[in-house]
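# Breakdown of the fold
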Amino acid sequence: MTDFHIFEKELTDRLRAGLGNSCQVSARTLCLNNSVKKQAVFITEEGSSITECLETGCLWPLCKTPKDIELIAKNMMQEYHRRKKQPAMRSALDRLYDWDFAKSRVMFRLASTDANKSLLQEIPSFETICGLSQIFYLLLQEGTGHGTCITINSRLMHAWKVPADGLLEQARKNTPEHLPCLFLNASLDASADVLNVLHAQGQAGIPVYFLTNSMGLYGAACILYEGIAEITAQKLGCGFYVLPCSLHQTALIPAPSIEPQLAGQLKQLLLTINRDSLPRQQFLSDTVYYYNKEEKQLHAVP
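These lines cover the structure that appears in this document, whether it is placed above or below. By convention here, each chain's residues receive numbers from 1 onward along its written sequence. Totals for whole chains, interfaces and linings use every residue, but because this is a predicted model, local features are given only for residues with pLDDT of at least 70 and side-chain atom pairs only at 80 or more, for both listing and counting. Note that water and hydrogens are dropped before the side-chain values are worked out from all heavy atoms of the structure.

To continue, consider helix 1 (residues 4–19). Structurally, the α-helix is built with 3.6 residues per turn, so residues lying three or four positions apart point the same way. The first and last C-alpha atoms of helix 1 sit 22 Å apart over 16 residues, in line with the 22 Å expected at 1.5 Å per residue. Within the span of helix 1, buried status applies to F4, F7, E8, L11, T12, L15 and L19. Each buried residue of helix 1 lies within a common arc of 125° when the element is viewed along its axis, so the set occupies one face. The exposed set on the far side of helix 1, more than 90 degrees from its buried face, consists of K9 and A17. Secondary structure elements are taken from DSSP: a helix is a run of H or I of four residues or more, a strand is a run of E of two residues or more, and numbering for both begins at the N terminus. Helix span, as expected, comes to 1.5 Å for every residue beyond the first. Only protein chains enter the accessibility calculation, which uses a 1.4 Å probe. A residue is then buried if its area is under 20% of the maximum for its type, exposed if over 50%, and partly exposed in between. Picture the helix axis, draw a direction to every C-beta atom, and the arc is the one those directions span.

What follows is about unusual backbone geometry. Despite not being glycine, S35 has its phi angle at roughly 65°, a positive value. By secondary structure assignment, the location of S35 is in the loop between strand 1 (23–31) and strand 2 (37–45). For S35, a relative accessible area of 45% corresponds to the partly exposed category.

This part covers the sheet that holds strand 9 (residues 209–213). If you walk across this open sheet you meet the six strands as 8-9-11-10-12-13, and the pairing is antiparallel. Across the chains shown, the open sheet's two edge strands, defined by having one partner strand only, are strand 8 (181–185) and strand 13 (297–300). Neighbouring strand axes in the sheet, compared pairwise and without regard to direction, differ in orientation by 30° on average. Following DSSP output, two strands are said to pair if at least two bridges run between them. As paired strands, strand 10 (residues 240–246) and strand 11 (residues 249–254) are joined by five bridges and run antiparallel to one another. Opposite V242, over in strand 11, you have L252 as the bridge partner. Sheet strands touched by helix 10 (residues 265–276): strand 10 and strand 11. Its angle to strand 10, the strand with the most contacts, is close to 15°. Under this scheme, a helix contributes an axis fitted over its contacting stretch, all axes are lines through C-alpha atoms, and angles between N-to-C directions fall in the 0 to 180 degree range. Only heavy atoms enter the contact rule, under which two residues are in contact if any of them lie within 4.5 Å.

For the rest of this paragraph, the subject is helix 9 (residues 228–236). Every buried residue belonging to helix 9 is among I228, A229, T232, A233 and L236, and all of these are buried. Along the long axis of helix 9, the arc covered by the buried residues comes to 135°, so they all point the same way. In helix 9, the exposed residues that point more than 90 degrees away from the buried face are Q234 and K235. Looking one or two places after helix 9, you find G237, whose phi comes out positive at around 75°.

Here the aromatic set is Phe, Tyr and Trp, taking the six-membered ring for Trp, and pairing holds for ring centres within 6.5 Å; pairs whose planes are under 30 degrees apart are stacked, those over 60 apart are edge-to-face, and all others are tilted. For the structure on display, the rule yields nine aromatic pairs. Seen in terms of ring centroids, W99 and W160 are 5.1 Å apart; in terms of plane orientation they differ by 50°. Their pairing is tilted. Taken together, the residues span a long stretch of sequence, with W99 in helix 4 (residues 99–102) and W160 in helix 6 (residues 154–160) at a distance of 61 residues. A centroid spacing of 6.2 Å and a plane angle of 85° characterise the contact between F126 and F136, whose relative ring orientation is edge-to-face. Of the two residues, F126 is situated in strand 5 (residues 125–127) and F136 in strand 6 (residues 132–143); the sequence distance between them amounts to ten residues. Put simply, the rings of F4, F7 and W60 pair up and form one aromatic cluster. Working rule: Lys NZ or Arg CZ, within 6 Å of ring centre, within 35 degrees of ring normal, means a charge sits over the ring. Seen from the ring of F42, R28 lies directly overhead, with NZ or CZ sitting 3.9 Å from the centre. Directly above the aromatic system of Y218 lies the positively charged group of R109, at a separation of 4.7 Å from the ring centroid.

Rendered as structure tokens:
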């Protein structure tokens, strides 16, 4: 099927017929991090405040015949019903607008300020170190390498009657508590992009560490946990460079291991990782940062 709009219409028609009149089915554009847009189907059951979102853009190339679209619709309905059978998650979603339930689940993560201009106009956020903003989400389910998260928007804030600085205070308390830091030796990960790029540039001997969190999700935010940069400098015994190589982790390079004439090449290293190895949705920043151990300050490298 060569036309996506025809595919989308036929798919939504089949879903409406299969799910019945008790469900509203609509096809819309899903706006994600860094202004990435994906096509999706949204399903809302009558009387429910929960809307399920199922991506469709990735399924379109699989549709070659009418039987394919029938199978895709069947699989999507099975996924929808599977999600409905998760009572703990459904209960959590039903209580989103209850601040007493939500407040212990408010977390913060980092986002590129420039790449999310439209999004940042619609949600609470705070500018932090150069080029980065703190935004907030609810962590509803935890698990290594994944989690169920919902970005906090103005609608939720209005329901909670909580100001943005109240969210920030709650998130600064919750995030390190629920998602503690992990300090990892990158040499133990043979697939690490930063190591591969360093090797290609003839800098294979440079020590590299990763800073992330226990869930591996939005772990780049760890660099802003209270006292973490100072503790890291003490652990390394020196200042260090910070390469935000994804939303989920930062690469740390001890300053003494980089010759002064090579420091300027770190930005090119980061650009190579961000452009060649990283999905756009996971991009965080092209800026290299430096933590000065004596000054106890983190700042952008010119």
